[in-house]
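Single-letter residue listing:
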Amino acid sequence: MMDYDVLILGGGIIGCAVAYELSKYNINIALIEKDYDIANDLSCSNTAVIYDGSETHDDIMCELEKTGRDLIEKHCQKFNIKYNKVGALRISSNQARYNMFDIMHKNARQRGIDGVHIIDHNEIYNIEPNLGINTNKALYSENIALISPYNLAVSYAEVAADNGVNFRLEEEVIDIKNISKGFKVTTNKNKFTCKFVINTISNEISIDNQNEVYSEIRNKKMKYILFNQEVQNNINGVVINDIDDDTFIINISTLSKGNLIGIKSNDYLSLEEELELSESILTGIKKELITNMFTETYSGNGMCIDDSNIKDGYIKVTGNHYAKITIAPAIAVDIEDKIKINMNITKKRDYIDKKREVYVFRNMSKEQRNKIINLDKRYGNIICSCNSISEGEIVDSIRRPLGARTVEGVKRRTGIGLGSCNGSYCNMKIIKILAREMNKSVLSIVDDSMDSKVLVGRIKEFNEI
Ligand SMILES: Cc1cc2nc3c(=O)[nH]c(=O)nc-3n(C[C@H](O)[C@H](O)[C@H](O)COP(=O)(O)OP(=O)(O)OC[C@H]3O[C@@H](n4cnc5c(N)ncnc54)[C@H](O)[C@@H]3O)c2cc1C
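Residues numbered from 1 in each chain as written. Predicted model: local features only at pLDDT ≥ 70, side-chain atom pairs only at ≥ 80, totals over all residues. Heavy atoms only, no water.

A. View of the overall build of the chain. Counting its secondary structure elements, the chain contains eleven helices and 21 strands. In summary, the chain has a C-alpha radius of gyration of 23 Å against a globular reference of 23 Å for 465 residues, a match within 12%. Within the chain, the proportion of its 465 residues that are buried is 54%. Considering only contacts within the chain whose residues lie at least 6 apart along the sequence, 68% involve residues at least 24 apart. (Helix = DSSP H or I, 4+ residues; strand = E, 2+ residues; numbered from the N terminus. Rg over C-alpha atoms; globule rule 2.2 N^0.38 Å. Buried < 20%, exposed > 50% of the residue type's maximum accessible area, 1.4 Å probe, protein only. Contact = heavy atoms within 4.5 Å.)

Structure (structure tokens):
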């Protein structure tokens, strides 16, 4: 007798989407994630671009993006997540790139992607009146949307957990071995047997721990600069300044009303040079308006669903694509189809495809607010004055299925700490509520992972903590 029918390794957005799709069936499933929380490495930005397949050279990625986008739009509606269809404008300060726009436009038509147009000067400035450069030709896609990737990943995971998927957090997979009619998966805490393994951490770990070397890896560094909402000349949607084959700048108006600029270049650039390039899109930016800067790996390499060992019960997902969030639900549905063919599974009769309700105080009318405060007084206690987030929302984010266990987990689920104070006024309050709800000492509360304790000790004078 196996411990599980299916073990999903990794609780990133792909692992969560797979757990959601498979939770409809009468099978015993666990998901193993080494971190304190699911989707932990989505933490760098609170906004994801949902692509439409028109920007990629790769036909397979295009199909995955198209399917993924359609699914995400439906899922956002189902889970009550804001799907912000803002459109994307591709401009260039280098006129030699204009013929690329024609090629991309032709490709979009051939691939059956509607809503992608070549537009002229007037249309460009109707869409983005505050653009930093003067340009006469652009490629515009109406389809591009912005969403909160955590909200999506957490929704997949909550529905999967409510339908019986066992989420094993803080457990690291160290070995996967093929045994007769299945697999033995060893973690730092347990050993499990299962019939089927879906490995979404396979960039790091493979069967029998043989890490594979992927040739042709074209990973490049991408610098991100996050500006606060005080940047005056606002940009409405996504804008890309396509400079040459190796250089582009992308501006994303984030859901927290700031701007995220990404700069991809093979050359080393100083911050001044980066700001100057960014001004081609977003004018009025200054160093003082920067709230965060980070460098990430940008990868145009495709994602691969490797089912070469499917007869043994093993599927692995590899690749680190820039549109992995967009593609995640398409990968999950493909894996679901493969499992249906290779395992004798039936649908659950009592499956509930619904996320438990979330009350977002700042989006409620006065009547709704009064009603909820009457039910639970904690909704009347505002913890974050930048974004009007109440104690009730924080407590709910901790008590939900797969609730937050870390400061970062509370921030992602509620949006607290994303206002102009950057969390400086509410961090301590979050720590206090987490400690109270989890019945722990404030000293043991972590920011986002095991070695990220936020407090080192108590100072006598501040006894209220
Ligand atoms: C800066 C940036 C911006 C991006 N913007 C977009 C965007 O706008 N639109 C878009 O579509 N995509 C975007 N992406 C792509 C996408 O967000 C990333 O690829 C995503 O963060 C990775 O997704 P994942 O959560 O599936 O991670 P994965 O790496 O696929 O998840 C693997 C999970 O496995 C866990 N794990 C690893 N090893 C083990 C182990 N041994 N045992 C147990 N668990 C383990 C990890 O903790 C992790 O949670 C962006 C990526 C970056 C870096």
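We are not done yet, so read on.
B. Expanded view of the site of the ligand. Close to the ligand lie 30 residues, the nearest being E33, V49, Y322, K324 and T326. The separation between a nitrogen atom of the ligand and a polar main-chain atom of K34 is 3.1 Å. Interatomic distance of 2.7 Å between a backbone N/O atom of V49 and an oxygen atom of the ligand. For the ligand, whose free accessible area comes to 990 Å², the fraction covered by protein is 89%. Of all elements in the fold, only α1 (13-22), β3 (48-50) and α7 (324-342) reach the threshold of two or more residues within the shell around the ligand. (Near = heavy atom within 4 Å. Polar contact = N/O pair within 3.5 Å; in protein donor to acceptor, adjacent residues only side chain to side chain. Areas by Shrake-Rupley, 256 points an atom, 1.4 Å probe, with all protein chains shown as cover.)

C. Inspection of the pattern of salt bridges at higher detail. Counted under the stated rule, the structure contains 27 salt bridges. Between D334 and K338 there is a salt bridge, with the nearest N and O atoms lying 2.4 Å from each other. With D334 and K338 both in helix α7 and four residues apart, the pair spans about one turn of that helix. Its salt-bridge partner being D337, residue K340 comes within 3.8 Å of it at the nearest N-O pair. Of this pair, K340 and D337 both sit in helix α7, three residues apart, roughly one helical turn. Among the charged side chains, a salt-bridge network with shared partners connects R90, R97, D242 and D245. (Salt bridge = Lys/Arg side-chain N within 4 Å of Asp/Glu carboxyl O.)

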